[in-house]
Amino acid sequence: MDGPPAPRLVHTVLRCYPARWRRRHGDEAAELAALLIRDGTPAAAVAGSYLAGAGREWLTPRPGRRVSAVACALLVAAGALGVSTGLLASAGPARAASTSRASTHCRPSSPATVPALTPDRGQPRLVIPAAAHGRSC
Amino acid sequence: MAIGKRDGQAEPDVLRRAGEASVLILVSLADGPKHGYALIQDIKELAGVELGPGTLYGALDRLERLGLIESLPADDRRHPYQITRPGAAALRVHLDSLERVSAAGRLRLQLGGI
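Asks: So what exactly am I meant to see when it comes to helix H2 (residues 36-47) of chain B here?
Replies: Residue pairs three or four apart in sequence face the same way in an α-helix, which turns once every 3.6 residues. Residues and elements named next belong to chain B. Over its twelve residues, H2 runs 16 Å from end to end, which matches the ideal 16 Å to within 8%, given 1.5 Å per residue. Listed in full, the buried residues belonging to H2 are Gly36, Tyr37, Leu39, Ile40 and Ile43. Down the axis of H2, the buried set is contained in an arc of 165 degrees. They therefore lie on one face. For H2, the exposed residues set more than 90 degrees away from the buried face come down to Glu45 and Leu46.

Asks: Sorry, what's going on with helix H3 (residues 43-59) of chain A here?
Replies: With 17 residues, H3 of chain A extends 24 Å from end C-alpha to end C-alpha; this agrees with the ideal 24 Å at 1.5 Å per step. Inspection of H3 of chain A places Val46, Ala47, Ser49, Tyr50, Gly53, Ala54 and Glu57 of chain A among the buried residues, and these make up the whole buried set. Along the axis of H3 of chain A, the buried residues cluster in a sector spanning 160 degrees; they form a single face. In this structure, the buried residues of H3 of chain A make contact with helix H1 (8-14) and helix H2 (19-38) of chain A together with helix H3 (53-65) of chain B.

Asks: I'm lost on the environment of threonine 41 of chain A in this one. Help?
Replies: Tracing the chain through its elements places threonine 41 of chain A in the loop between H2 and H3. Once residues within four sequence positions are removed from consideration, threonine 41 of chain A is found in contact with Leu36 and Val46 of chain A.

Asks: Quick question: what am I supposed to make of the interface of chain B and chain A here?
Replies: The extent of an interface is frequently quoted as the accessible surface area lost upon association of the parts. Each side of the interface is counted separately: chain B has eleven residues, and chain A has 16 residues. Of all the secondary structure elements, the ones that give two or more residues to the side of chain B that touches chain A are H2 and H3 of chain B. Sorting elements by how many residues they give to the side of chain B that touches chain A places H3 of chain B first, with five residues. Split by residue class, the side of chain B that touches chain A holds three nonpolar, six polar and two charged.

Each value, and the rule that gives it
Counting restarts for each chain: residues are numbered from 1 in the order of the written sequence. Chain A is the first chain written and ligand 1 is the first ligand written, with later ones labelled in order. Where totals are concerned, whole chains, interfaces and linings use all residues; where local detail is concerned, this predicted model gives features only for residues with pLDDT of at least 70, and gives and counts side-chain atom pairs only at 80 or more. Segments assigned H or I by DSSP are reported as helices when at least four residues long, segments assigned E as strands when at least two residues long, and all are numbered from the N terminus. Helix span, expected: 1.5 Å multiplied by one less than the number of residues in the helix. Counting other C-beta atoms within 10 Å of a residue's C-beta gives its exposure: the residue is buried at 20 or more, exposed at 12 or fewer, and partly exposed in between, where C-beta atoms are placed from the backbone. This arc describes the spread of directions from the helix axis toward the C-beta atoms. Residue pairs qualify as contacts under a 7 Å threshold applied to their C-beta atoms, which are placed from the backbone. The classification used treats Ala, Val, Leu, Ile, Met, Phe, Trp, Tyr, Cys and Pro as nonpolar, Asp, Glu, Lys and Arg as charged, and all other residues, Gly among them, as polar.

In structure tokens, the structure reads:
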């Protein structure tokens, strides 16, 4: 009994399985998907079930999967690094701007204009630099 | 791990943590070999459970690794599966265990008068 062809979505999801699984079940899984969809199961539900199955299949430890596992881990790590780099890159200019603004804001404009100790009529007067230029840091 | 007793020998219930899908597949295969689509249809009829195809293949692989089922030569593109002797024994132990729990539960419900 040949069923109708499985939709492209299902074929795409089936490619997420390890090669060993696809060699063993790939054709049968596509045919089963087509039959279930013909019976009225939504294609998205079939694809979702296969997607979850593919995730479990990759997470199940298998003998001889070490190379694949390492490659997978490297891919995940590279992805995470890419995301982190992207986040850093997007946050960088904002942080740099706020840092430079803060430093110019916090720095007294000139030691001459804001002396710590100003002689006034022979008596020393304490000038708080923060108050002198109105910074709030 | 639950222990089933048959012929005075203690047998471990290997299906205790195998999941519902695995048990349903073994029950479905108990009366003869079936392929994936037939399994899904049969389980839907006997238990009212609609197994997703991803769940089905995951459980089939797990049961095959445990030696509880075996794949027969492909018929066209479809692989029929059949239950093995250890699979049948494991299913008996599990069903016995379920029966004991079920009987105890019913008795307690009666005693409790709920």
